[in-house]
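Next come the chains, spelled out residue by residue.
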Amino acid sequence: MGCMFSQLAAKFAFFPPSPPTYQIKKRDNGKLTVVSSSSSMPFPADDDTSLDVLLIDTKHGNKIVAFYLKNPYARLTLLYSHGNATDLGQLYDLFVQLKVNLRVNLMGYDYSGYGTSTGKPSESNTYADIEAVYQCLQSEYGIGQEDLILYGQSVGSGPTLHLAAKLPRLRGVVLHSGILSGLRVLCHVKFSCCFDIYQNINKIQKVKCPVLVIHGTEDDVVNWLHGNGLWKMAREPYEPLWIKGGGHCNLELYPDYIHHLCKFIYEMENMTTEIRLEGIRQSLGLPKRFWEKSFLFFDKEKGETMASESHVTRRAPTIHHITDSAGDLENEIGSVDLGRYTVHIPPTPDNQPMPMEIALQAVGIEEEYVSKSMFTGGHNRVTRALSKKIIDSGASHPQTVVAERSFCEIPGCSAKMMTNRQGIDVFPCECGFRICKDCYRDAMGSGDGFCPGCKEHYRGLDESEMALASQPHLSKSERRLSVVESTEFLMRNQSNEFDYTQYLYETRKSYGYGNAVWPMDGVKGNKDEIGGDPKVFSQKQWKPLTQKSNIRAAVLSPYRLLILIRIVVLGLFLQWRISHPNEDAIWLWFMSVICEIWFAFSWLLDQLPKLCPVNRAVDLGALQEKFETPSPNNPSGRSDLPGIDVFVSTADPEKEPPLVTANTILSILAAEYPVEKLACYVSDDGGALLTFEAMAEAASFARIWVPFCRKHEIEPRNPESYFNLKRDPYKNKVRSDFVRDRRRVKREYDEFKVRINGLSDSIRRRSDAFNTREEVKVLKRWREDNSDEPMESLKIPKATWMADSAHWPGTWTVPAPEHSRGDHASIIQVMLDPPIDEPQKGTEGDGNSMNLSEVDIRLPMLVYVTREKRPGYDHNKKAGAMNALVRASAIMSNGPFILNLDCDHYVYNSLALREGICFMMDRDGERICYVQFPQRFEGIDPSDRYANHNTVFFDVNMRALDGIQGPVYVGTGCLFRRTALYGFEPPQLQEDTDCCSCCFPRLKKPATVASDPDVDPEDIQLREDDEMNIALIPKKFGNSSLLVESVRVAAIQGQPLADHPSVKYGRPPGVLTMPRKPLDPSTIGEAIDVISCWYEDKTEWGQSVGWIYGSVTEDVVTGYRMHNRGWRSVYCVTKRDAFRGTAPINLTDRLHQVLRWATGSVEIFFSRNNALLGSPRLKLLQRIAYLNVGIYPFTSIFLIVYCFLPALSLFSGQFIVQTLNVTFLVYLLAITLTLCALAVLEIKWSDIELEEWWRNEQFWLIGGTSAHLAAVLQGLLKVLAGIEISFTLTSKSAGDDVDDDFADLYIFKWTSLMIPPLTIIMVNLIAIAYGFCRTIYSTVPEWSHLLGGVFFSFWVLAHLYPFAKGLMGRRGKTPTIVFVWSGLIAISISLLWVAIKPPSGNSDIGGSFQFP
C-alpha cells in the first residue's frame, strides 16, 4: 500500500520540462555535444571546451545526462542537484556563473525522466542517479568525497541528503530552498508517513559535515520554516542565509546569495589539515592518538610537520595519503578505512589562479573582440560574434583594461583591487589573491601582515607607485558606512506593485536613508586643498535647479473669469434653444441642438484643463556647481550626473533617409553632456544593411565633427542644418583657425553625404557581384556532379552581402526565408566603444588638420540594434522596438534616464539634455516620470497651411497641463525615468492641495518599519502584503538575471542628491563618479537574448512594463499609465528649441498622420486605458484632459452634420431657429465674443501668433470632417469586428524639386479622406447659389433665413479654405479627379433634394421655377 502511495505521490511531485530544452548528439570524434531541442543549431555550450557532456548508467538501468564544467583553478567540486520543472539546458548559464564566481568544478545532472535522461522520475531513481554521478566523479575525474560539496535545490535536497548521509568525509553540503519532506510541503504535519517522499528531516542528522542552508523568507512554495528546521537539526550547521523577501526560484538574483556562497566555499577551501582531521576523527569516533599512530604528526605550536628537517619561511604542503584503493560506493560506505584523503596545495608561485600577464592579455583580447564584432542571435539560435571592423576605435586607454573580477575578495568588501599608475592590477602576494588598497592597509596595520588567501606574510609594496585614490582615504568601516547599499528589499505597496524607492543607500543609522556622511577632515588631511573645511561647505547656500512661475494674474484671472462666463452663457443658450424649437423645421432644430450640446461638452473638456498654466525655468549654473565641481564627496570634480541612454528609432530607409538619421546621430554624439554618461542606441526595425552602413559612416565622421563642435561651440550640431544656415556662420567666432577648420569639416561632410547617398547603389552592385559568383559556383558544382536535377530547379537566393563577403543577417533586398522584414535575426553592433573615464585630448595637428590639443576627443558609445522578428510573433510595431531598446540598454549601459527621439528629430540645443536632467535631479524630482519637450519643426511653409507647427497644442494645452499633473507623452523628445517605464510607482509623498491640484482623495499607504537585522529568523512573519515578492520579478521583466539586477542599479542612480533636508529620497553625493565597467562578449550576448522575439512571452512587457501595446498611439497610453500610478511629468520649454524635426507638409500625408492619431484615440476610448477607469491617483483635471484625448474624434460625427446644416437650411428655406430674434443674436454674439477674448488671452500668456491660432481652428475643421470620421469608423471596426489597422510610415524625404524647398506642399495624392470635406465645400457652394436665386425670385423673400444660412455656410467655407487651396496644386492646376468627384456628388445631392421637395410645391421635378 505504501509503495502504491509513493508512486502516486511521485506522479504529482515531479514535473519534468516538456519538451526538453536540449538534445544530445555525438560528434565525429565520438564525443557528446549539446544542441537545441528545436533546431540543429549548436547549443550555447557547444564551443565550451571546459564542458564535458556525459551519459551515465544507473543501477536501475537508466541513462542520465550530466554536464561537468572544469575550472583549472578549482580546489573543490560542486555536485549540483537541481530543482523541479527544469533541466540542464535551462541551468547551463547558472552553472557557468557558479563555476567562475566560486572557482569550483561543477557537476550537474538530470534526474531520470528529466531532459534527455531515460526512465521515469521517482524518489528511488533520483537516489540511484546521484550515486551513479558520484561514482563517475570518482572513476573518471579522481574526485573523492573530501574534495566534494553537495548542492541540493528544492527537490534536489532529497538526493543530496541521501548521499551526504552516506559520505562521512564530505567537505560540505548546501541546501537551497530545501524541504523537510514532501508531505510537509503540502501541509503542516509533525509526523512522517510511509508514503512520504524525501524524508530529509530524518537524514539531516546523519550528515557529518558543515551544512549551509539558504532560504527565502517569502518562499510561497516551500515555506521558510523548512529551511529553518533543517538548519536547526543539522549536526554541524553553518551560518545560514535567510534572504529577506526572497522567493523560491529567484534567490540567485540577490547579491547576498553569491557573497555568502563565496564565503562558504572560501572557508571550506582554507580549512586547515588539523581542523579537518579533527572533524573527521570526531565524526568517526576514533581515538585522539589515531592520527599520531598511523601518520605524520602535526605540531600545533609551530604550524608545520615534525618530519621537516629544516625551518623554512614558506610552509610546505602536507599531504596525508591513507590508501590508494577505493571500491564502489557501497564498499566505501561500509569501510571507513578504505578511502583517500587529500589536502589541497595552497596557492604558490607554481600554483596561481592565473598569471598576471595572461589575465591582462585575455582582457585586452576580449576588449578588442567586443569592439570588432557584430553580435547576432535569436530564438533557438546561437549567439554569434561576426568579426566586423567598422571604424578605428582609437588608442586604448590603460584604465579601460580592467579584469571582469578585479574586485577585492575580502568577504563584505566589493571595492576595486589595487592598480599601479598604468592602471594594471597589482597582486601584493604571489598567490594572486585580489585585495583593495584599504584592506591591504588594514592587514599590514594589524601587525601580522598575513595574506588572507595563502596565510603567508605580505612582501612590502611601494605605495608611491600605486594609482592615486579618487576619494579621500577613509578607514574601512567609514568607507563601508558612507556608501552602502541598503539591505532592505523592495516593499510591496497597496496595489501589489514594486516600490522602487526602497532601493536606496543607507548610511550610519543616526542619519537614516539618503544622507551623506561628510568627512571630518579635508582631502589628505589638509583643509587648504580641494574640499576645504566641511563647516564652510555646509554653510554654502543650497540652490534649486528649477523654478516654477505662474502666469501673471493680470492675464490669468480674466482668462479664468471668461471661462466661467462662457460656461454660463453656453448653459443659458442651450436652455433657450431647447425651450424654443422651430416648429416649421423640427428635424433641422433637433439636429442642430444635439450638435450644439455636444460642441459645448467637447469645448468644456478641452477648456477646463487650461485653468492652471505655468512657466518653468532651469539654472544650468547650479547644476554644474552641484554635480561637476570639487566637493568633500567629489574631490576630483568628476561629473556626478546620472547616465542618459538616447534611443533613435527608424524602420524604413526609403521613407526615412539614412542621411537624416545619420545627422540626428551626429547631433546626439555632440551634445553637451559628460561623454562617459551618454550612450546612443539606434533601433533599425527594418533590419536594413543600408541603415547599418550609414550608421558606420556616421560613426567615422563623428571623429572629426564632434571635436569641431566642442572646439568652436557650434550650434546647431546637426551638420546638415548647420551648413544650411541662412545667417553668417562667422558671427561671434574669434578663433583664428575657425575658417580653416570649418572649410575642412565642410569638405569632409560633403564627401560624407556623397558616400551615404551612394550606399544604396554600392550595396546593390556588391550584392549582384557576389550573387553572380555564387551562381557560377553552383552551376560549376552541378556540372561536376552530373546531377539529374534540371538546371531550372536550382534555387540560388539573391542575398544581400556585406563588404567583407558575408551574408547580411538582417533583411535582404530580395526577401528570402529568415531574411525578410518580418523574419530576421537580432543584431547588435557597437559602432563606438564606451569611452574612458578621463578626458582625452587630441593632437596639435599641422596645417592640414585641426588643432585638438585642448579638446576632449572622446565619443559617447554608439550601438546599432535590430531586434529579432519571426513569423507567428507579434512585434508590436514601434512600441515593441522601443521595449527591445530598453532591455538591451539596461544590459549594456543602464542609464537611469532614457531620451527617445524619432530619426528626423535632432538635438538643436546642445544643452537640452542638461536642462531636462535639472528637473529630474531637483527637489521632488524623484516623483517625475518624464520631461516632455515641445516639438518644433523645420521645412514648414511660411503660411503653415495645414497647422503643422501645432503651436496651440504644444504652447497652450501642454503648458496648461504642466500645472496639473504634467503634459501627455507625445512620442518624441521625451526624457524618461527608467524605473517609471518599468512600471514602478513613485515615492509616496504628501500631495499638493492648491487650487491647481484638483484630484480625487488619495489612498494613504500604511507606514512600514524596516525590520531589525538582529531579529531571530523564527520571528519573521511571511506576510505577502509587507514585503515585495521577488519571485514576481522574472514574470514581470523576463528571465534575464542581468536585466533584473540592472533595475536596482537604475533606481539608485536615478535619485537626486541627498544634499538638502527636503530631499526625502536621495543618493549620497559622489556615487556616480566611479568608472563604468567595460563591455565584454557575455554582456552583449545577454543583450542579444533580451531582444529576441520570444523574450516577452509570459512577461509583463507591453502590459505594465515599458511602452504599452495595443494602440497605434502607444505614446499617449504609456504616459497615461504613468500618470495613473501617481507619477507627474514636466514640460520643459527652452529658450532655444531643444529638438527640431520635420513634419509632412503635403495634404495627403498630413491627413494620414492625423488619421493615425485619431484612430489611436478611439482605441483608447474603447480600452481599459479610458480615463473614466483611471485610479484615484489621477487628478481630476488630468483625468478630464485624458478623457478629451479619447473623445475628440467622435466630434467629427456632429461636426459633419453641422457643416451640412447651412446647406440644408438654404435648400429648405428654413433655419435652425424660428426667426432671427434679438435673443438668439445676443446669445450668438456673447458666445462669439467670449471665444475671441479667450483666444486673445491664450495668445497673450502662451506667446503664440494670432495666425497660428486661426490655422489651428481651420485644420480642426478639416481634420474633423475627414480623418477623424475615418478614425471613428476604423476604431469601431477593430472593436466590434476585430479588424486590425495598419498604417504606413510618413515619408521624411523632401520633394523632387530641388529648387523649391516646399515642393512637397503642392504634390497632390488622392485619398478617400478627401471625399467628405470636398462634398461639404461643393454642397455649400451650390446651396448658397440656390438660396440666393430662390430668395431673389420668391414672392415673399425670407431674407433672415437666407442670411442665417449664408453666414454659417461662409463660416464652413472659411475653415475649409486651406483644404480647397491644397486641391488646386501648384499654380492652380487642379487634378481632373477633383472636378469629377465634386461634380458627381454635388449634382446627385442637388437633384435628390429637388426631387424630394420641389421649390413650388408641385410634384413635378423642378416645379414651376424658371430663370428670367
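Note: the structure precedes this text.
Let us look at the structure shown here. Since this is a predicted model, take the numbers as computed values, not measurements.

### Some words on the side chain of Asn250
With respect to the helices and strands, the residue Asn250 is situated in the loop between strand S10 (241–243) and helix H8 (255–269). A relative accessible area of 1% places Asn250 in the buried class.

### Structural notes on the sheet that holds strand S7 (residues 148–153)
The strand order across the open sheet built from 8 strands is S3-S4-S6-S5-S7-S8-S9-S10, with neighbouring strands paired in mixed fashion. The sheet terminates laterally at strand S3 (51–57) and S10, the two strands that pair on one side only. Direction aside, the axes of adjacent strands within the sheet are offset by 15 degrees on average. Pairing between strand S5 (residues 76–81) and strand S6 (residues 104–109): 6 bridges, direction parallel. Of the residues in S6, the one forming a bridge with Leu78 is Leu106.

### Brief notes about the nonpolar core
Within soluble globular proteins, side chains that are nonpolar generally end up buried alongside one another. Formed by 145 residues in total, the largest nonpolar core has its most connected members in Tyr681, Ile828, Met892, Phe976, Tyr982 and Phe1037. Ranked by residues supplied to this core, first place goes to helix H16 (residues 553–579) with 10 residues.

### Examining the packing of aromatic side chains
As enumerated under the stated definition, the model contains 57 aromatic pairs in all. Ring plane angle 80 degrees and centroid distance 6.2 Å describe the contact between Phe14 and Tyr198, whose orientation is recorded as edge-to-face. Of this pair, Phe14 sits in the loop between helix H1 (2–13) and strand S1 (22–26) while Tyr198 sits in the loop between helix H5 (182–186) and helix H6 (200–203); the two residues are 184 residues apart in sequence, bridging distant segments of the chain. Phe14 sits in the buried class, given a relative accessible area of 5%. On the numbers, 5.5 Å between centres and 90 degrees between planes, the contact of Tyr111 with Tyr114 is edge-to-face.

### Things to note about the sheet that holds strand S24 (residues 906–907)
Ordered in space as S24-S29-S26, the 3 strands form an open sheet in which the pairing is mixed. Either end of the sheet is taken by a strand with one partner, and the two such strands are S24 and strand S26 (936–938). Sheet topology places S24 next to strand S29 (residues 1139–1142); 2 bridges connect them, and they run antiparallel. Among the inter-strand pairings, Tyr906 is bridged to a residue of S29, identified as Arg1140.

### Re the pattern of salt bridges
Tallied over the full model, the rule gives 46 salt bridges. Across the pair Arg978 and Asp645 runs a salt bridge whose closest N-O atoms are separated by 2.7 Å. A residue pair is termed long-range when its members are at least 10 positions apart, and Arg978 in helix H27 (residues 978–981) and Asp645 in strand S19 (residues 644–650) qualify at 333 residues. Across the salt bridge formed by Arg766 and Glu693, the nearest N and O atoms sit 2.9 Å from each other. Highlighted residues: Arg766 in helix H23 (residues 759–785) and Glu693 in helix H20 (residues 689–712), separated in sequence by 73 residues. With a relative accessible area of 15%, Arg766 lands in the buried category. Members of the salt-bridge network, linked through shared partners, are Lys711, Arg735, Asp737, Arg740 and Asp741.

### A closer look at helix H36 (residues 1250–1264)
Since one α-helical turn is 3.6 residues long, residues separated by three or four positions face the same way. In this model, H36 (15 residues) spans 21 Å end to end at C-alpha, consistent with the 21 Å of a helix rising 1.5 Å per residue. For H36, the set of buried residues is Trp1253, Arg1255, Asn1256, Gln1258, Phe1259, Leu1261, Ile1262, Gly1263 and Gly1264.

Procedures and definitions
Residues numbered from 1 in each chain as written. Predicted model: local features only at pLDDT ≥ 70, side-chain atom pairs only at ≥ 80, totals over all residues. Heavy atoms only, no water. Helix = DSSP H or I, 4+ residues; strand = E, 2+ residues; numbered from the N terminus. Buried < 20%, exposed > 50% of the residue type's maximum accessible area, 1.4 Å probe, protein only. Pairing = 2+ DSSP bridges. Axes fitted to C-alpha atoms, helices over the stretch in contact; angles between N-to-C directions. Core = buried A, V, L, I, M, F, W, Y, C linked by side-chain atoms within 4.5 Å. Phe/Tyr/Trp six-rings, centres within 6.5 Å; stacked < 30°, edge-to-face > 60°. Salt bridge = Lys/Arg side-chain N within 4 Å of Asp/Glu carboxyl O. Expected span 1.5 Å × (residues − 1).

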